[in-house]
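Summary of structural features
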Amino acid sequence: MTNPTPPSRTTAFIEQVERYAAHNYHPLPVVLSHGEGAWVTDVEGRRYLDCLAGYSALNFGHGHPRLVARAQEQLHRLTLTSRAFHNDQLGPFAEALAGLTRTEMVLPMNTGAEAVETAIKVSRKWGYRVKGVPEDAATVVVMEGNFHGRTTTIVSFSDDKVARDDYGPYTPGFRSVPYGDADALRAAVDDTTVAVLLEPIQGEGGVVIPPEGFLRDVRGICDDAGALMVADEIQSGLGRTGRTFACDHEDVAPDVYVLGKALGGGLYPVSAIAADAAVLGVITPGSHGSTFGGNPLAAAIGHEVVTMLEEGEVQRHAASLGDHLAERLRPLVTDPEADRGLRAVRVRGLWAGLDVVAAGPSGRELCERLMARGVLAKDTHGSTVRLAPPLVATRDDIDLLVDTLEDALAAED
Ligand SMILES: *Cc1c(COP(=O)(O)O)cnc(C)c1O
């Protein structure tokens, strides 16, 4: 009798997680065990360039020495106090983040969705207490194609059927307009509008960049309507686009920044909103909270992230590598009817959305081909592949990425 080949370690881990964890994701069949900088290693010892970077939570790469050192130091000192007591880390972090966002104060949470929820609550309360909107009449205008997280309220204003279906009854009070359409936005705001909530670039939507001037238009429409401009910079912010915030590309300052992902350096969930006291001042003791929000470990890591961004080197590197990436991707755009190449490419900083041609491999198939060639990326909405390598990647890494992409697009498999 011949011994059956033992299952590979990869297969064993995948079978285990499929059996014992709910199937709310459809991961590529790779099991990672180590990471350093822009590179990760799987349980078979194969190395990959990580071009998803934890949906931009890993802007500083895996295990950034400065972030790990600061986290380790804090792990040994104090990790959690709850907000029932003060700790010596939150104040310095809050002051630094207010400085980075040029706002007066911050409200720390943990995940991105919680920060979005916080922004919605603050906007509504501001609407009732400051703007004078009649009780329970507040509306928030959002954009079609948005992604702001997974809570019941947030999926209430998503137009992604898979994210939304079967989770009703839905939270009322939201109006949706086409992304990038200033006229539609102007028509949608009225006396009940407390906020316009948008991503300055839609990440999950496929790295969708609005028409030049749109963010300035949103700013003007909000000013005219007396509504808050709330920028969800959870994925677009903190260096990804080559600037500290994506809003910086149009020199626009929103009333409320919503931050997450890279704020925790890829080590820990850290999120926050930042705004002036005229807005965040509506929050009073007991009116909002979180057991873990603003804990000393989160604050220490977040503070180190902010310090690195204050120095500006990360943004400059992302901008220059991004220019190189854009230059190398442009020739891959072919006729939409072709069976090779890409239908369209959008790049801002080190962030690219690639639309595949209909006759070629799907987004998922292209990602599988890339994986087989040592590059990890993820499709979004089937026909778009998002590239978001860690901002610590090198020019050689970017060349390897595009060489591998060319090879994967040309492949017969
Ligand atoms: C990822 C993301 C969120 C949600 O963040 P979580 O930490 O997953 O809750 C919200 N908004 C945007 C723009 C995001 O990219």
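From a predicted model like this one, the values you see are computed outputs, not experimental measurements.

Notes on unusual backbone geometry
- Cis rather than trans, the peptide bond between Gly168 and Pro169 has omega equal to 0°.
- For Pro169, the location among the structural elements is in the loop between helix 7 (161-164) and strand 6 (174-177).
- Of note in this structure, Ser82 is not a glycine but carries a positive phi near 65°.
- Within the secondary structure layout, Ser82 lies in the loop between helix 3 (65-77) and helix 4 (90-101).
- Ser82 gets classed as partly exposed once you look at its relative accessible area, which sits at 24%.
- Of note in the backbone geometry, Asp136 takes a positive phi value of approximately 65° without being a glycine.
- Here Asp136 lies in the loop between helix 5 (112-131) and strand 5 (139-143).

Remarks on the layout of surface pockets
- Of the volumes computed, that of the second largest pocket is approximately 460 Å³.
- Lining the second largest pocket are 20 residues, with Arg83, Leu107, Pro108, Ile283 and His288 positioned closest to its centre.
- Among the elements of the structure, helix 4 and strand 4 (105-109) are those that each provide at least two residues to the lining of the second largest pocket.
- The leading source of residues in the lining of the second largest pocket is strand 4, at 5 residues.
- Taken together, the residues that form the lining of the second largest pocket break down as 11 nonpolar, 7 polar and 2 charged.

Brief notes about empty space enclosed by the protein
- This structure, assessed with the given rule, holds 2 cavities of 30 Å³ or more.
- Lining the largest cavity are Asn146, Phe147, His148, Gly149, Val155, Ser158, Asp160 and Ala163.
- Among the residues making up the lining of the largest cavity, the classes are represented as 3 nonpolar, 4 polar and 1 charged.
- Taken as a whole, the second largest cavity encloses approximately 30 Å³ of empty space.
- Ala119, Ile120, Ser123, Val140, Ala195, Leu197 and Val230 together form the lining of the second largest cavity.
- Breaking the lining of the second largest cavity down by element, the ones donating at least two residues are helix 5 and strand 7 (193-198).
- Sorting elements by how many residues they give to the lining of the second largest cavity places helix 5 first, with 3 residues.
- The residue inventory of the lining of the second largest cavity, partitioned by class, reads 6 nonpolar, 1 polar and no charged.

Definitions and cut-offs
- Residues numbered from 1 in each chain as written.
- Predicted model: local features only at pLDDT ≥ 70, side-chain atom pairs only at ≥ 80, totals over all residues.
- Heavy atoms only, no water.
- Helix = DSSP H or I, 4+ residues; strand = E, 2+ residues; numbered from the N terminus.
- Buried < 20%, exposed > 50% of the residue type's maximum accessible area, 1.4 Å probe, protein only.
- 1 Å grid on protein atoms, 1.4 Å probe; cavity = no way out; pocket = protein on both sides within 12 Å on 5 of 7 lines; lining within 4 Å.
- Points joined across faces, edges and corners; volume = space filled by probe spheres on them.
- Nonpolar A, V, L, I, M, F, W, Y, C, P; charged D, E, K, R; others polar.

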